[in-house]
Amino acid sequence: QPQRLARRLEAARFTVTCTGHNAQFLRTLAPRANVMRAYHGVDLGALTAAKVEAQSPPLVLSVGRLRAKKGFDTLIAACGILARAGRDFVCEIIGYGPEEDALRRQIEDAGLAPYVRLIGKLPHEEVIAAMRRARVFALPCRVLDDGDRDGIPNVILEAMAVETPVV
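Overview of the structure. (Residues numbered from 1 in each chain as written. Predicted model: local features only at pLDDT ≥ 70, side-chain atom pairs only at ≥ 80, totals over all residues. Heavy atoms only, no water.)

Read from one edge of the open sheet, 4 strands run S5-S4-S3-S6, paired in parallel fashion. Strands at the two margins of the open sheet, each flanked by one partner only, are strand S5 (116-120) and strand S6 (136-137). Where strand S4 (residues 90-94) and S5 come together, 4 bridges link them in parallel fashion. Bridge pairing in S5 places Glu92 opposite Arg117. Packed onto the sheet, helix H3 (residues 72-84) meets strand S3 (59-63), S4 and S5 and runs at close to 170° relative to S4. (Pairing = 2+ DSSP bridges. Helix = DSSP H or I, 4+ residues; strand = E, 2+ residues; numbered from the N terminus. Contact = heavy atoms within 4.5 Å. Axes fitted to C-alpha atoms, helices over the stretch in contact; angles between N-to-C directions.)

Structure (structure tokens):
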């Protein structure tokens, strides 16, 4: 639906996006549109508490709306590889959304219920606490066939701010 988006961009007084790549993409769709880039950020003051000792078994954490572009099915498949290799870990996916039922089926069908948990929506403070406990934060985003994609999700910046490795 690029034509529909182009019409909306040109009708708007201005459009703001958070990445240079997306700004260029939007300008390509609608050269006369007023497209501005404004990098977003996180409140580092709220993330200054020290990182806690990583939990055991190691926690692989992911956070986001349960949508195809987030790639949670890929993360669950990767957890299957870890489980078959005998690795000791737990993966928690915090979030909610339209892919929840499909992801639950994938976890069940692959026998990954002891390893992978869909947590649902949590308050921000609890998400940050989970990031501090995590051994790694993983978010395997992808570009969908219709071009839908993430820019730079805030959860990646937040995980980095609390010194959790990001994949």
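Soluble globular proteins: nonpolar side chains tend toward being buried together. Residues Leu61, Ile93, Met131 and Phe137 are the most contacted members of the largest nonpolar core, which totals 34 residues. If you list the elements that add at least two residues to this core, you get S3, H3, S4, helix H4 (100-109), S5, helix H5 (124-133), S6 and helix H6 (154-161). Element by element, the count of residues in this core is highest for H3, at 5 residues. Apart from the residues within four sequence positions on either side, Ile93 is in contact with Ser62, Leu66, Phe72, Leu75, Ile76, Val116, Arg117, Leu118, Ile119 and Gly120. The next biggest cluster of nonpolar side chains, apart from the first, holds 7 residues, and it includes Leu9, Ala23, Leu26 and Ala33. (Core = buried A, V, L, I, M, F, W, Y, C linked by side-chain atoms within 4.5 Å. Buried < 20%, exposed > 50% of the residue type's maximum accessible area, 1.4 Å probe, protein only.)

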